[in-house]
Amino acid sequence: MRITVVNDYATLSATAAGLVAGWVWAKPDAVLGLPTGSTPEGMYRALVSLGLRFSSVRTFNLDEYVGIPADHPQSYAAFMRKHLFDWVDIRPENVHIPNGMSADLEAECARYDEAIQRAGGIDLTILGLGPNGHIGFNEPGAPWDGRTRPVELTEITRQANARYFRNRQEIPRMALTMGIGTILESRRILVLASGADKAGIVQQFLKGPATPDLPATALRSHPDVTVMLDRKAAQQTALSGVI
Ligand code: PGA
């Protein structure tokens, strides 16, 4: 694992965007695995301002809520339009987001994994880190060989997402997520974490035991992972010897 610590969120966003842009310039038809959440917002802004061409890029989002239609403002489809897709020249047919409104969620997940295979696999997956160490919506205990599938969200994740919804009842209880197995098949992985709130989980992710109780620790077995942190996210982790 390569670990990069930068000064602040703005630098994290610009540096991550620079890495992604470099990879897309080298492979214009790259297949990207994309996250939502507050962490990647700045990276998406920076990618838009770089004017990166997305005309041949194909994307697969990590996850989507179950029961929230794509035109709902809190859907991840809406998030992606707002932060990236409405601002770049990506082709709609090259955008893939699991359909959490499908009448057959299992079949939708199988179809999603097949679409990833048909695209030739994912070149680069970008991940945020949940407060409980989740990646995508792979909550603690998720199998490390798991495929895209319906999952129940834990209380800690629902609380973290409460800020986006008007009341508790509205916060989704289920999502579709790429599995950890799906994520590990990505050729490269970039993990982003920012802010003091993430310092504890970053420390456990990088220094604690590798265990399904902390899903992100599965990434340690992957040969090409870059972890990018700002100073606040790195503040509880003694990093010499890890870098
Ligand atoms: P955040 O979420 O970027 O909003 O902190 C990260 C995640 O839950 O994966």
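Notes on the structure follow.

So, how was this worked out
- Residues numbered from 1 in each chain as written.
- Predicted model: local features only at pLDDT ≥ 70, side-chain atom pairs only at ≥ 80, totals over all residues.
- Heavy atoms only, no water.
- Pairing = 2+ DSSP bridges.
- Helix = DSSP H or I, 4+ residues; strand = E, 2+ residues; numbered from the N terminus.
- Axes fitted to C-alpha atoms, helices over the stretch in contact; angles between N-to-C directions.
- Contact = heavy atoms within 4.5 Å.
- Parallel < 35°, antiparallel > 145°, perpendicular 65-115°, else oblique.
- Left-handed = near helix turned anticlockwise from the far one by under 90°.
- Nonpolar A, V, L, I, M, F, W, Y, C, P; charged D, E, K, R; others polar.

Turning our eyes to something else, we now look at the sheet that holds strand E7 (residues 149-152). What the three strands build is an open sheet, ordered E4-E8-E7; its pairing is antiparallel. Of all the strands in the sheet, the pair left with one neighbour each is strand E4 (63-65) and E7. If you compare each strand with its neighbour and ignore which way they point, the axes differ by 30 degrees on average. Lying on the sheet, helix H4 (residues 105-118) is in contact with E7 and strand E8 (174-177); it crosses E7 at an angle near 125 degrees.

Attention now moves to the packing of helix H1 (residues 9-26) against helix H2 (residues 41-50). Taken N-terminus to C-terminus, the directions of H1 and H2 make an angle of 55 degrees; their axes are 8 Å apart at the nearest point. Between H1 and H2, the interaxial angle falls into the category oblique. In the packing of H1 onto H2, the handedness of the crossing is right-handed. Residues Tyr9, Ser13, Ala14, Ala16, Ala17, Val20 and Ala21 of H1 pack against Glu41, Gly42, Met43, Arg45, Ala46, Leu47 and Leu50 of H2. Class assignment of the residues belonging to the contact of H1 with H2 gives a composition of 10 nonpolar, two polar and two charged.

It is worth spelling out the sheet that holds strand E3 (residues 58-61) at this point. The sheet built from seven strands is open, its strands ordered E1-E10-E9-E6-E2-E3-E5 with parallel pairing. The open sheet is flanked by strand E1 (2-6) and strand E5 (95-96), the only strands paired with a single partner. Note that strand E2 (residues 31-34) and E3 share four bridges and pair parallel. Paired with Leu32 across the strands is Thr59, a residue of E3.

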